[in-house]
Amino acid sequence: MQENNKGFSPDTLCLKAGWDPKTGEARQMPIYQTTTFKYETTAQMADLFDLKTPGYFYTRLQNPTNDFVAAKIAALEGGVAAMLTSSGQAASFYAIFNICEAGDHFVSASTIYGGTFNLFAVTMKKMGIDVTFVDADASEDEIAAAFRPNTKLLFGETITNPSVNVLDIEKFARVAHSHGVPLIIDNTFPTPINCRPFDWGADIVTHATTKYMDGHSSSVGGAIVDSGNFDWMAHADKFPGLTKPDPSYHGLTYAEAFGKGAYITKATTQLMRDFGSIPSPFNSYILNLGLESLSARMERHCKNALKVAEYLQGREEVAWIKFPGLPGDKYHELAMKQSRNGYTTGVMCFGIKGGRDRSIKFMDSLKLINMETHVADSCSCVLHPASHTHRQLTDEQLIAAGVQPDLIRFSVGLEDPADIIADLDQAFEAIRE
Ligand SMILES: *Cc1c(COP(=O)(O)O)cnc(C)c1O
């Protein structure tokens, strides 16, 4: 991993971290579109397989293009090491499975992305890993009550999808650390441009790079970043996968052999080796283009979102609106405390008076604003979870999941905010009763 990130702010690192061209080399990061790498002697390759020397041998485990982009994301988050995965889902799974096995347990905030909720509540349960969900707004004592002797980590989202609640990272970090386990934070919605969870005590960060980092609805992807701050050896009995010898690498112990790089090295050499959810180098190239403009785009997304939120707040048809960038929002102060730059995210949710049916009619009347499953796209887009992602649920179940039946998730894009507001205006006109 490269070290060309000294002293620069994340805004500069979007351009400068990762691929670092020397004299005469390509300004733009090369795509190593290759499955494998050539060596001269059997001994050289044997050392790679034994993890004695760093290097590339097969793209299912590691590829230079992917690693340049992982290094950039690590630099943006202020971490020591990162790996890319082929989706955000794979990142969430690997981040947990790297330190949990059958018979283990973890605690998660209940207000998390629906796909993550299902992964935890259904699929990981089938693998023998148990989860307890807690209300992220609960007191430290209430969250602590969910911990068991076999609890291995605490998980949450900085700003939740779709309910845009803001998580108190310092509170979560205190509970995790007082139980000798790391805090893993999904930082997809703010991105490290707006918030860096490591500054508030998180140990590991995950991303759906699919969202703002790619930013153009081009490539699905994920990332895991390690702060290097969690001391695995101090809790050696809890994390034998990192602190005891690995028989699949001749008895090597990750925490001893790789120090602060242990967690990501293990995720690469065990999980990526065995599950293989690696992104294609071409997708990583696209992701890197997105990262170059991430800082500029986030500022515009967030400025536009604030203008649009203020407009919606002033419409009498709007029953309620949640946007942590709005003064008066329940989470505004916390969001501002945790923000590096005064911005939160470009996503909000709101409901229209008249309930589910009128919300649907409103969405169907939009012309400029796309209807998409996606979020954090360069184009403004809306989704109605009750008819789309959560359509199997009854109204009672929806409310329990924090998704009101009239909730419209609105991801504000990079268009001229006057055009976005004009589209909303004409949709309000269309549903006038
Ligand atoms: C989209 C999303 C994910 C899952 O990412 P995919 O790339 O779709 O697999 C995880 N967490 C959050 C917060 C998301 O928005």
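Presented here is a report on the structure given in the accompanying data block. (Residues numbered from 1 in each chain as written. Predicted model: local features only at pLDDT ≥ 70, side-chain atom pairs only at ≥ 80, totals over all residues. Heavy atoms only, no water.)

Tallying secondary structure elements over the chain gives 17 helices and 12 strands in all. Relative to the 2.2 N^0.38 estimate, which gives 22 Å for 433 residues, the radius of gyration of the chain is 22 Å and therefore close to what a compact globule would have. Seen through its C-alpha atoms, the chain measures out along the principal axes to roughly 80 × 55 × 35 Å. Relative to its 433 residues, the chain shows a buried fraction of 56%. In the chain, of all internal contacts separated by at least 6 residues, the share reaching a separation of at least 24 is 72%. Total accessible area computed for the chain in this model is approximately 17500 Å², and 53% of it derives from carbon and sulfur atoms. When the 38 basic and 51 acidic side-chain charges of the chain are each reduced to a single mean position, those positions are 2 Å apart. (Helix = DSSP H or I, 4+ residues; strand = E, 2+ residues; numbered from the N terminus. Rg over C-alpha atoms; globule rule 2.2 N^0.38 Å. Buried < 20%, exposed > 50% of the residue type's maximum accessible area, 1.4 Å probe, protein only. Contact = heavy atoms within 4.5 Å. Areas by Shrake-Rupley, 256 points an atom, 1.4 Å probe, with all protein chains shown as cover. Lys, Arg positive; Asp, Glu negative; His and termini not counted. Charge placed at Lys NZ, Arg CZ, Asp CG, Glu CD.)

Bringing helix 17 (residues 417-430) into the picture now. Given a rise of 1.5 Å per residue, 14 residues ought to cover 20 Å, and the 20 Å separating the end C-alpha atoms of helix 17 matches this to within 8%. Taken together, the buried positions of helix 17 are occupied by Pro 417, Ile 420, Ile 421, Asp 423, Leu 424, Ala 427 and Phe 428. The arc that holds every buried residue of helix 17, seen down its axis, measures 155 degrees, which confines them to one face. Of the residues flanking the start of helix 17, the one acting as N-cap is Asp 416, its side-chain oxygen 2.8 Å from the backbone nitrogen of Ala 418. (Expected span 1.5 Å × (residues − 1). Arc of directions from axis to C-beta. Polar contact = N/O pair within 3.5 Å; in protein donor to acceptor, adjacent residues only side chain to side chain.)

Turning our attention to the sheet that holds strand 10 (residues 370-371). On the basis of which strands lie adjacent, the open sheet formed by five strands has the order 8-9-12-11-10 and mixed pairing. Here the strands that pair on one side only, and so sit at the sheet edges, are strand 8 (318-322) and strand 10. In this sheet, strand 12 (residues 408-411) lies alongside strand 11 (residues 381-383) in antiparallel orientation, the contact comprising three bridges. Bridging across to strand 12, Leu 383 finds its partner in Arg 409. Across the sheet, helix 13 (residues 294-313) touches strand 8, strand 9 (347-352) and strand 12, and the angle it forms with strand 9 is around 15 degrees. (Pairing = 2+ DSSP bridges. Axes fitted to C-alpha atoms, helices over the stretch in contact; angles between N-to-C directions.)

The values are spatial; any link to function lies outside them.
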